[in-house]
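# Examination of the molecular architecture
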Amino acid sequence: MIKKVFTEDFFTSMASSISNISQAESLPPECYTDPSFFEFEKEALFNHEWLCVGRESLLPNIGDYFTVTHINEPLIICRDKSKEIKAMSAVCQHRGMLVAEGHGNAKMFLCPYHNWCYQLDGKLTGAPAMNKTCEFKREEHPLPQLKVEIWEGFIFVNFDLNAAPLAPRLPEVSKYLANYELEKAEGPRPDAPESYNWNWKVMMENNNDGYHATKLHKGPLHDFIPSEKSEFPTMSDNEAGYVRLNGTDHADAAFNPLQKAILPIFPNLTDEDRNRAVFANLPPTLSLVITADMIIYLILHAESADSHSMTIGYLVAPGAMKTPLFQDKIDFNMKAAMEITEQDLHVDRLVQVGLNSRFAPRGRYSWQEEAQLLLNQWLVERYQSTWQEAKQSIPVKQQG
């Protein structure tokens, strides 16, 4: 029997995923597997929420740009002539060719197909041989724009030009990150995103799951950060993200075989900061894994119900990249981090297989999984409100 997703019962059933952690259960499996539900998510989440695209430091000069994709929408992020960061569609408004790919520095964006030319702010300034086209006006065909906001050195974009600002809705998350001064942290350009054949929420849940840490990752690369030392600070109702704190067995712990920071630690950390790790999520795109000497950031790019890609980057304290043997030390750290990540990726892949099973559960949570409850609360509020708006246009027969 095929379960109907777009029914009142289905969305009402999500209430059990946002109750107290001792009573809550996971979201319906269809939220991770159903293609039509992913299309619904586009409106419920991605069309109106702030999406991380990268670091502001990647665009130091006028004309610097990089390209990125969210929900299969190709975007250009660039610094224009007024030194402002712009985000716009990379789709030429003539025949759909992309006007930019990769990253670089440009004086303008020239479509290679028919040489339509756009300024750095997206205005169309050149359209060859369009003089015989009736009522064609270049000013009416700019590259579509997105809203832009910078938070802690990260660039966020929003398809909704009327979206409320992001930063005012992150007071609690910002409080736990303040001593790391993320806006000053430094790091190289990350590699191109890797593709994965499972739902984006499976990845985001794993990125901040304290429960599996001492089970899946048991061994010298991770034992210093035990699951039983997980804490989940209370977030305000309107908070746009959530945090897990995890105590460590010793100060300045790090993900490497020495279990100890080998890079300069962030200069303003308190003793409390130095004896824990911080895991922060800003759904639906950004996860942060923070230790005393290093921040790994993960940017998720949802593509379909069963696929997404992810950008992995890192940040260190100001000046750390100029210290002796920096590359050797960062390689030492990242080798361990990637070994842990490979364990996660294997599990995520098989979770997606299981969620597609007829026997897929709505499982009960351990107290160490409270981060999943916090994500559910963020999701279900948006799912249910969008459903209330959308169901008016769905035929009664389909609603069941």
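Residues numbered from 1 in each chain as written. Predicted model: local features only at pLDDT ≥ 70, side-chain atom pairs only at ≥ 80, totals over all residues. Heavy atoms only, no water.

A few words now on the state of the cysteines. Evaluated as defined, the whole model comprises 0 disulfides. Free cysteine C111: the closest other cysteine sulfur is in C92, separated by 3.9 Å. C111 sits in the buried class, given a relative accessible area of 2%. Unpaired in this structure, C134 has its nearest cysteine sulfur neighbour in C92, at a distance of 20 Å. (Disulfide = S-S within 2.5 Å. Buried < 20%, exposed > 50% of the residue type's maximum accessible area, 1.4 Å probe, protein only.)

Across a sheet, strands are paired by hydrogen bonds formed along the backbone, either parallel or antiparallel in direction. Reading across the sheet, the 7 strands line up as β1-β10-β9-β4-β3-β2-β5 and stay open at both edges, with antiparallel pairing between neighbours. Only two strands of the sheet have a single partner each, and these edge strands are β1 (51-55) and β5 (103-105). Direction aside, the axes of adjacent strands within the sheet are offset by 30 degrees on average. Two elements, strand β3 (residues 73-79) and strand β4 (residues 85-89), share 5 bridges in a ladder whose sense is antiparallel. For R79, the partnering residue across the bridge sits in β4 and is I85. (Pairing = 2+ DSSP bridges. Helix = DSSP H or I, 4+ residues; strand = E, 2+ residues; numbered from the N terminus. Axes fitted to C-alpha atoms, helices over the stretch in contact; angles between N-to-C directions.)

On to the packing of aromatic side chains, then. Considering all chains together, one arrives at 19 aromatic pairs under this definition. With 6.5 Å between their ring centres and 50 degrees between their planes, F38 and F46 make a pair best called tilted. Accessibility expressed as a relative area gives 3% for F38, which makes it buried. Put simply, the rings of F6, F10, F11, F37, F40, Y383 and W387 pair up and form one aromatic cluster. The lysine or arginine in question, K201, covers the ring of Y32, its NZ or CZ lying 5.0 Å from the ring centre. (Phe/Tyr/Trp six-rings, centres within 6.5 Å; stacked < 30°, edge-to-face > 60°. Lys NZ or Arg CZ within 6 Å of the ring centre and 35° of its normal.)

Functional significance is not addressed by these values, which are geometric in nature.
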